[in-house]
Amino acid sequence: MLVLVSLLLLVVVPSRPTAEAEFVGRVVVEWLIEEDADRTMRLLENFAFRDSGGKVWEVPAGAEVDGASIPVTLYSLIGPPFVGDYRRASVVHDHFCRERTESSKDVHRMFYEAVVAGGVPRLLAKTMYMGVAGFGPRWETRVTRNGVSRVVSIPRPAPDSTVLGELEAWIGESDPDLDEIDDRLARVLGETADEAGS
């Protein structure tokens with residue numbers, strides 16, 4: 001009888017669906033004229049990414065992005081910002097790398113999920129995650145002796161093409177999860193796993 005009731009509950013009571021990650025709105029921008037290369041854009045409308053946990057990563061109208069959160073040395077591996085299926089993800093990632101209101105680890109993991117939501121195949125998305133988690137911007141919040149919190153940038157090593165090639169090959173061969181990528185980055189960079197992914 002208990003088995004029958006359990007089976008009926010499975011049929012009658014719908015399972016709770018997992019939220020689908022998605023972009024909210026569209027990227028509407030204006031290019032800004034600068035002394036250097038005109039790379040910075042200003043958003044003219046709000047744009048956001050809702051992750052699979054339901055968290056909304058909002059980039060407000062007026063925010064400026066320039067794609068700098070993706071290291072230039074990784075362009076040959078993953079392409080330049082604002083080109084391809086990950087360009088919407090790069091807008092959100094860039095904004096949160098500038099604002100630093102969330103941990104760098106959370107921002108980089110959001111980038112991975114947004115890249116996949118944008119249509120990038122998972123293995124390439126994992127390679128992109130490896131690039132920003134290992135060699136992109138990193139910061140942490142530190143509390144000073146007088147109790148004031150401040151965000152501090154953590155220096156990152158310049159990506160070595162041999163190391164990048166080895167990491168990319170490893171991802172392609174073993175299809176690791178993000179924790180495994182963080183662990184491998186920690187070993188390669190001589191950090192703890194939390195430091196590598198943060």
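In case you missed it, the structure is sitting above this.
My aim in this report is to walk through the structure given alongside it, one point at a time. Because the structure is a prediction, the values reported are computed rather than measured. (Residues numbered from 1 in each chain as written. Predicted model: local features only at pLDDT ≥ 70, side-chain atom pairs only at ≥ 80, totals over all residues. Heavy atoms only, no water.)

Some remarks on helix α3 (residues 87–99)
Okay, step 1: For α3, spanning 13 residues, the distance from its first C-alpha to its last is 19 Å, which sits close to the expected 18 Å at 1.5 Å a residue.
Okay, step 2: Looking only at α3, the buried set comprises Ala-89, Ser-90, Val-91, Val-92, His-93, Asp-94, His-95, Phe-96 and Cys-97.
Okay, step 3: Immediately downstream of α3, the backbone of Arg-100 shows phi near 55 degrees, a positive value. (Helix = DSSP H or I, 4+ residues; strand = E, 2+ residues; numbered from the N terminus. Expected span 1.5 Å × (residues − 1). Buried < 20%, exposed > 50% of the residue type's maximum accessible area, 1.4 Å probe, protein only.)

Regarding the pairing of strand β8 (residues 149–153)
Okay, step 1: The pairing of strand β7 (residues 139–143) with β8 spans 5 bridges and is antiparallel. Counterpart to Glu-140 in the pairing with β8 is Val-152.
Okay, step 2: Here β7 folds back onto β8 in antiparallel fashion, the turn holding 5 residues, of which Gly-147 has a positive phi close to 85 degrees. (Pairing = 2+ DSSP bridges.)

Some details on the nonpolar core
Okay, step 1: In terms of nonpolar packing, the biggest core is built from 43 residues, with Val-92, Phe-111, Val-115, Met-130 and Ile-181 touching the most fellow members.
Okay, step 2: Tallying contributions element by element places helix α5 (residues 122–135) first for this core, with 7 residues.
Okay, step 3: In contact with Val-92, other than residues within four places in its own chain, are Phe-47, Phe-49, Trp-57, Val-59 and Met-110. (Core = buried A, V, L, I, M, F, W, Y, C linked by side-chain atoms within 4.5 Å. Contact = heavy atoms within 4.5 Å.)

Describing the sheet that holds strand β1 (residues 22–24)
Okay, step 1: If you walk across this open sheet you meet the 3 strands as β1-β4-β5, and the pairing is antiparallel. If you trace the sheet from one side to the other, it starts and ends with β1 and β5 (56–59), each paired once. Between one strand axis and the next, the sheet turns through 20 degrees on average, direction left out of account.
Okay, step 2: Direction of pairing for β1 relative to strand β4 (residues 47–50): antiparallel, over a ladder of 3 bridges. For Val-24, the partnering residue across the bridge sits in β4 and is Ala-48.
Okay, step 3: Against the sheet, helix α4 (residues 104–117) makes contact with β1, β4 and β5, and its axis sits at roughly 90 degrees relative to β4, the strand it touches most. (Axes fitted to C-alpha atoms, helices over the stretch in contact; angles between N-to-C directions.)

Some details on unusual backbone geometry
Okay, step 1: The backbone of Arg-100 sits at a positive phi, close to 55 degrees, despite the residue not being glycine.
Okay, step 2: For Arg-100, the location among the structural elements is in the loop between α3 and α4.
Okay, step 3: Look at Arg-100 and you get partly exposed, because its relative accessible area is 22%.

A short note on the environment of Trp-31
Okay, step 1: Residue placement: Trp-31 occurs in strand β2 (residues 29–31).
Okay, step 2: Residues Trp-31 and Asp-66, spaced 35 residues apart in sequence, show a C-alpha to C-alpha distance of 9.6 Å.

What about the pairing of β4?
Okay, step 1: With 4 bridges joining them, β4 and β5 adopt antiparallel strand pairing. Each bridged residue has a counterpart across the sheet, and for Phe-49 the counterpart in β5 is Trp-57.
Okay, step 2: The turn joining β4 and β5, which pair antiparallel and follow one another in sequence, is formed by 5 residues; a positive phi near 90 degrees is taken by Gly-54.

Details of the pattern of salt bridges
Side chains that differ in sign of charge can pair as their charged atoms come close.
Okay, step 1: For the coordinates displayed, the defined rule picks out 10 salt bridges.
Okay, step 2: Measuring nitrogen to oxygen at the nearest pair gives 2.3 Å for the salt bridge that ties Arg-50 to Glu-22. Of this pair, Arg-50 sits in strand β4 while Glu-22 sits in strand β1; the two residues are 28 residues apart in sequence, bridging distant segments of the chain.
Okay, step 3: A relative accessible area of 36% places Glu-22 in the partly exposed class.
Okay, step 4: When salt bridges with common partners are traced through the structure, they connect Glu-30, Arg-42 and Glu-64 into a single cluster. (Salt bridge = Lys/Arg side-chain N within 4 Å of Asp/Glu carboxyl O.)

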